[in-house]
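# Analysis of the macromolecular model
Spelled out, the chains give:
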Amino acid sequence: MTVEKLIEILNDIQQHKSETQTLEIKCAAKGCPRKLFDTLSSFSNQDDGGIIIFGVDEDNDFQETGVYDPQDLQKKVNSQCFQMQPVVRPLFTVAEKDGKIFVSAEIPSVDLSERPCYYKGVGRIKGSYIRSGDSDEPMTEYEIYSYEAFRKKYQDDIRTVPRATMKTIDTQMLEAYVKKLKEGKPNLSNLSDDTICELMSITRDGVLTLTAVMLFCPYPQAFFPGFSIIAMVIPGTEMGETGDLDERFTDNERIEGTIPQMLETALQFVKRNMRHHTIIDPDTGRRADRTDYPLTAVREAILNALVHRDYSMHTEAMSVQLIMFDDRIEIWSPGGIYGRIKADQLGKVQPDTRNPVLALALEVMGITENRYSGIPTIRREMAGYGLKEPEFSDERGSFKVCFRKELESKEPSRQTQEERPGDHDLLLFCITPRTKKEICEFLGLNSTSYAIQKYVMPLVEEDRIRMSMPDKPKSPKQLFFTNRSLLNES
């Protein structure tokens, strides 16, 4: 860093009076801060590294105090850097401003293969930190493990499951998979099925692997209850919001089974909780059906979450989460981005693969292409729908995909008419005022709150159905009736 750059940073500190993700401020007016280990660790463990500025008192409105002795300060900071593993090599800059001396220490990023950088005095578990905003936070045991897993190339998808036996596997599914493996592979076809299973990591020393359990066991959750999908629909835009009937979820399901089964069930969950639109082209008058989100993109995101999630013992209690809000869908998978790739590089460069055996098996089964085409497909499908770019984020041990949709207008459009299955029949049924229970029974549903939220309230918003007590929407005596004027117009 140049002296001019350090002066510029000092001026920015006075203007913004805050620390940042890559900037830490220390006073050092009367001596070297004794404990820099947390910041040295957290800056070393992030890709952009960080800068420590000495000579500004954060606790006294960021007053510029200067440092007590720039030479001694550098010596003592270096001493603390030598107590880190691996050793931190700071780059110092000294500058004078308004008659006071300031020192900066640029902390370089440690290579991914050497992380986490930690303070040797307390060890790797207690001495590893990560930067979160303007603070240094202790790394979780899983975050520490994830670095080790990448460095040592652990393959949790082929760890053995001692409790699983051939009696717990659908042998017909396994035989069909082995048959597909043999297709077009004469050398493999000459081997016995048991040998093929060993070679392809379905078994290891005769013991079934996690991949075998997740693909061929009728109920994998008997061994791993957390390796499932928690799907929910939130009546609002933030977790914790409730609907008109005080319900926290308008739909809620734990999705279990093999990976292909969970993928299909999760898609069905999304389909039944998305609105279906009929789009009328103003030029041609042709009608086309459209869902809130492109199903191909949703499928790819769910599949990626199931294939590339972390399957280590550290995440056995963590499920993939599929959360539908009024304005977006979020899909969370345990385990952050694997390897060196960053979120903004997804779909642009070939990534490391966390679960290569599982990914290959699903390719053989025809579930996935395994050609790193999932993210480009998601982007293309969202663009084709005219929706915002999908958002990908790596958030401390989990990976999130977010699809956003435009908030629908409360006013019905002449060219875009909301058409949900059964709307017309429901409008006819409600010509006679109906109770919530009557509507629920008419729709053949078990949940009254779900029936009202999913099928009735959208029609209320469009003024196609009205309430007998609009000021008391949650009243048990509420009746719903069709707006006949709009019905006659249609």
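Here, every reference points to the structure presented above.
Below you will find a few notes about this structure. Note that this is a predicted model, so its numbers are computed, not measured.

Consecutive side chains along a regular strand alternate between the two faces of the sheet. The side-chain alternation of strand 1 (residues 23-26) yields two buried faces, one formed by L23 and I25 and the other by E24 and K26. For strand 1 and strand 2 (residues 50-54), the ladder comprises four bridges, and the chain directions are parallel. Residue pairing for strand 2: E24 is matched across the bridge by I52. In this fold, the crossover linking strand 1 to strand 2 by way of helix 2 (residues 37-44) has right-handed handedness.

Counted under the stated rule, the structure contains nine aromatic pairs. Each ring, one from Y142 and one from Y145, has its centre 6.4 Å from the other, and the planes form 35°; the classification is tilted. Of this pair, Y142 and Y145 both sit in helix 5 (residues 141-151), three residues apart, roughly one helical turn. Considering the side-chain rings of F150 and Y338, the 5.5 Å spacing of their centres and the 80° angle between planes classify their relative orientation as edge-to-face.

Glancing now at the pattern of salt bridges. By the definition in use, this model includes 27 salt bridges. Of the charged contacts in the structure, one is a salt bridge between E462 and R464, with a shortest N-O distance of 3.2 Å. The residues E462 and R464 share a single accessibility class, namely buried. Among the ionic pairs, R466 bridges to D463, the shortest N-O distance being 3.0 Å. Counted as one network, the salt bridges with shared partners bring together D327, R328, E330, E395 and K400.

Among the structural elements, E148 can be located in helix 5. What makes E148 buried here is its relative accessible area of 14%. Among the polar contacts made by the side chain of E148, one reaches the side chain of Y154 at a distance of 2.7 Å. In contact with E148, other than residues within four places in its own chain, are R124, K153 and Y154.

Moving on: the sheet that holds strand 6 (residues 91-97). One open sheet holds the four strands; their spatial order is 1-2-7-6, and the pairing between them is mixed. Each of the sheet's edge strands pairs with one partner strand only, and the pair in question is strand 1 and strand 6. Taken pair by pair, the neighbouring strands of this sheet meet at an average axis angle of 20°, ignoring direction. Here helix 2 sits on the sheet and contacts strand 1, strand 2 and strand 7 (100-107); the angle it forms with strand 2, its principal contact strand, is near 150°. Sitting on the sheet, helix 3 (residues 70-81) touches strand 2, strand 6 and strand 7, and the angle it makes with strand 6 is about 155°.

Before going further, it helps to examine the packing of helix 15 (residues 436-443) against helix 16 (residues 448-461). Direction vectors running N to C along helix 15 and helix 16 enclose 80°, while the axes themselves pass 9 Å from each other. Between helix 15 and helix 16, the crossing angle belongs to the class labelled roughly perpendicular. Taking contact as the criterion, the partners of K436, K437, I439, C440 and L443 in helix 15 are, on helix 16, T448, A451, I452, Y455 and V456. Class assignment of the residues belonging to the contact of helix 15 with helix 16 gives a composition of seven nonpolar, one polar and two charged.

This next bit is on helix 3. Look at helix 3: 16 Å from first C-alpha to last across 12 residues, which is about the 16 Å you get at 1.5 Å a residue. Among the residues making up helix 3, those that are buried are L73, V77, Q80 and C81. Viewed end-on, helix 3 has its buried residues packed into an arc of 100°, placing them on one side of the element. Of the exposed residues in helix 3, those oriented more than 90 degrees away from the buried face are Q71 and K75. Contacts made by the buried residues of helix 3 are with helix 2, strand 2, strand 5 (84-85), strand 6 and strand 7. Between the side-chain oxygen of the N-cap and the backbone nitrogen of Q71 there are 3.0 Å, and the N-cap of helix 3 in question is D69.

What counts, and at which threshold
Residues numbered from 1 in each chain as written. Predicted model: local features only at pLDDT ≥ 70, side-chain atom pairs only at ≥ 80, totals over all residues. Heavy atoms only, no water. Buried < 20%, exposed > 50% of the residue type's maximum accessible area, 1.4 Å probe, protein only. Helix = DSSP H or I, 4+ residues; strand = E, 2+ residues; numbered from the N terminus. Pairing = 2+ DSSP bridges. Right-handed = clockwise from strand over helix to strand, strands pointing away. Phe/Tyr/Trp six-rings, centres within 6.5 Å; stacked < 30°, edge-to-face > 60°. Salt bridge = Lys/Arg side-chain N within 4 Å of Asp/Glu carboxyl O. Polar contact = N/O pair within 3.5 Å; in protein donor to acceptor, adjacent residues only side chain to side chain. Contact = heavy atoms within 4.5 Å. Axes fitted to C-alpha atoms, helices over the stretch in contact; angles between N-to-C directions. Parallel < 35°, antiparallel > 145°, perpendicular 65-115°, else oblique. Nonpolar A, V, L, I, M, F, W, Y, C, P; charged D, E, K, R; others polar. Expected span 1.5 Å × (residues − 1). Arc of directions from axis to C-beta.

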